[in-house]
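Fold and contact review
Below, each chain spelled out in residue letters.
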Amino acid sequence: MTSPAQTPSALVWQDDSLDYDFGPAHPLKPIRVELTVSLIRACGLTDAEGVTTLPLEPFADDDVLRRHDERYVEAVKRASSDPHAGASLRFGLGVGDNPTFAGMHEASLRVCGASVAAAKAVWEGWVSHAFNPAGGLHHAMADRASGFCIYNDPALAIDWLLRHGATRVAYVDVDTHHGDGVQKMFYDDPRVLTISLHETGEALFPGTGFAHEIGEGDARGTSLNVSLEPTTPGEVWLEAFDAVVSQALDAFGPQVLVTQLGCDTHATDSLAHLMLTTDDYVGIAQRLRRLAHDHAQGRWVATGGGGYQIASVVPRAWAIYFAELAGLSLPAELPGDWRREAEEAASRFDMPAPPQQFLEGSVDLRQDRLEELRGQARQSVEKLKQHAFGLLEGHA
Ligand SMILES: [Zn+2]
């Protein structure tokens, strides 16, 4: 039995939403989203009173052109209809991270349509919170693909909100990689506050996200970056989050909170080096929920993001976020039927199988190493405050 949701909430999902697929050898596998939705359902969250499952909003070329250059969109469309001829170094297509595939334009539009559906449901008041697990493609640039991201769905969802009456939007990005594409698209826009906590660009793609990146023109002070050293554990990550985000939202006064919930911060993630656990995701989820209610009129639009342990981490992480978003509780153990499905998928892709439990405790670090990492995180927060907080308070 599931109790009624404390907060009217939506999961944006269609069963045909899995065609954003760079192929079986690529780390961003759609199965991670499929297993997430399957786990959310297996835990009864979508059956709870007050929780709805929403379809995508239609999303067309004109919509994507609001934030992406015409020549880039034309290049994506060429690659989409002819993946072999469509590779282009200039547009980041077909090289390394972003292989071309048939139908990539349409699949990318659908990811955007799902994030816009979440934004619309929240902004029009149908629900207070909404989650698109397939979204969070935060590296896409106006004029090129980057880091597995073709079109920037969080930026396009923010754009939708701005077009429909929002005048102050806060974007919080907890992926292990800097949310560079979203930051760049609103770097000179004082209506959008972007906050990203991530592994330092000195160690990790995309190599940006430092304290001195604070926005430009009228928007100086509305771009905030906390960069953290490799192996930073959850308790230090959460301390940095607490030192920055609430104060920043309080100063900015958003009408809606948009979040990118990448879970490639996990200690076992194969692409990065932070050391968070699923217990830390409970902490982050609780904080984001509280922030949405204390500082953003209760409105919370959430997207997925990175996370490459397709069976052992991503579904648990995002089920934890969705449960918190709806104000529902999860069982301690992962449902048996779901585990069998996830084990089968894990073995198909030669990936780690899921554990039995949602939670796993915290990572053990030597005390001196922990103190060193804590000191570095505090320095990063201090630098950010020196560079940006005075300017941000001027936007209040
Ligand atoms: Zn990432």
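Residues numbered from 1 in each chain as written. Predicted model: local features only at pLDDT ≥ 70, side-chain atom pairs only at ≥ 80, totals over all residues.

1. Considerations on the overall build of the protein
Heads up, the condition is: Helix and strand labels come from DSSP, where a helix needs a run of H or I of at least four residues and a strand needs a run of E of at least two; each type is numbered from the N terminus. Every radius of gyration here is taken over C-alpha atoms, with the globule rule written as 2.2 Å times N^0.38, N being the number of residues. Any residue whose C-beta has 12 or fewer other C-beta atoms within 10 Å is treated as exposed, any with 20 or more as buried, and any in between as partly exposed, C-beta atoms being built from the backbone. Note on contacts: each residue gets a C-beta atom placed from the backbone, and two residues are in contact if those atoms are within 7 Å.
When its secondary structure is counted, the protein shows 11 helices and 8 strands. For 396 residues, the compact-globule estimate of 2.2 N^0.38 gives 21 Å, and the protein sits close to it at 19 Å. C-alpha extents for the protein along the principal axes are approximately 50 × 50 × 40 Å. The burial tally for the protein puts 56% of its 396 residues in the buried class. A fraction of 77% describes how many contacts in the protein between residues 6 or more apart in sequence connect residues 24 or more apart.

2. Comments concerning the nonpolar core
Short version of the rule: Definition of nonpolar core: a set of buried Ala, Val, Leu, Ile, Met, Phe, Trp, Tyr and Cys residues joined via C-beta atoms within 7 Å.
If you look at the biggest cluster of nonpolar residues, it comprises 133 residues, and the most contacted ones within it are Val 12, Ala 118, Tyr 321 and Phe 322. Ranked by the residues each element gives to this core, the list is headed by helix α4 (residues 104-123), at 13 residues. Excluding residues that lie within four positions of it along the chain, Ala 118 makes contacts with Ala 10, Val 12, Ala 130, Phe 131, Asn 132, Ala 157 and Val 301.

3. Some points on the environment of Thr 259
Within the fold, Thr 259 resides in strand β7 (residues 256-260). When the C-alpha positions of Thr 259 and His 26 are compared, they lie 25 Å apart, and in sequence the two are 233 residues distant.

4. Overview of unusual backbone geometry
Residue Pro 206 follows Phe 205 across a cis peptide bond; omega there is 0 degrees. The phi dihedral of Phe 148 falls on the positive side, at around 75 degrees, and the residue is not glycine. Secondary-structure assignment places Phe 148 in the loop between β3 (129-132) and α5 (153-163).

5. A look at the sheet that holds β7
To be explicit about the condition: When DSSP finds two or more bridges between a pair of strands, those strands are recorded as paired. Lines are fitted to the C-alpha atoms to define the axes, a helix being fitted only along its stretch in contact, and any angle between axes, read from their N-to-C directions, falls within 0 to 180 degrees.
Strands sit in the order β2-β1-β3-β8-β7-β4-β5-β6 across an open sheet of 8 strands; the sheet is parallel. The strands lining the two open edges of the sheet, one partner per strand, are β2 (51-54) and β6 (223-228). Shown here is a sheet whose adjacent strand axes are inclined to one another by a mean of 15 degrees, direction ignored. Strand direction decides the pairing type here: strand β1 (residues 9-12) and β3, joined by 3 bridges, are parallel. Bridge pairing in β3 links Ala 10 to Ala 130. Contacts between α4 and the sheet are confined to β1, β2, β3, β7 and β8 (300-303), with β3 contributing the most and set at about 175 degrees to the helix.

6. What about the pairing of strand β5 (residues 192-199)?
Going by this rule: For a crossover, the right-handed case is the one in which the path from the first strand over the helix to the second runs clockwise, viewed with the strands pointing away from the viewer.
Burial analysis of β5 places 8 of its 8 residues in the buried class, which makes it a mostly covered element. Two strands pair when backbone bridges link them, and strand β4 (residues 169-173) and β5 are joined in this way by 5 bridges, in the parallel orientation. Within β5, the residue paired with Asp 173 across the bridge is Ser 196. Viewed along the sheet, the connection from β4 through helix α6 (residues 180-185) into β5 turns out right-handed. As paired strands, β5 and β6 are joined by 6 bridges and run parallel to one another. Among the inter-strand pairings, Glu 199 is bridged to a residue of β6, identified as Leu 228.

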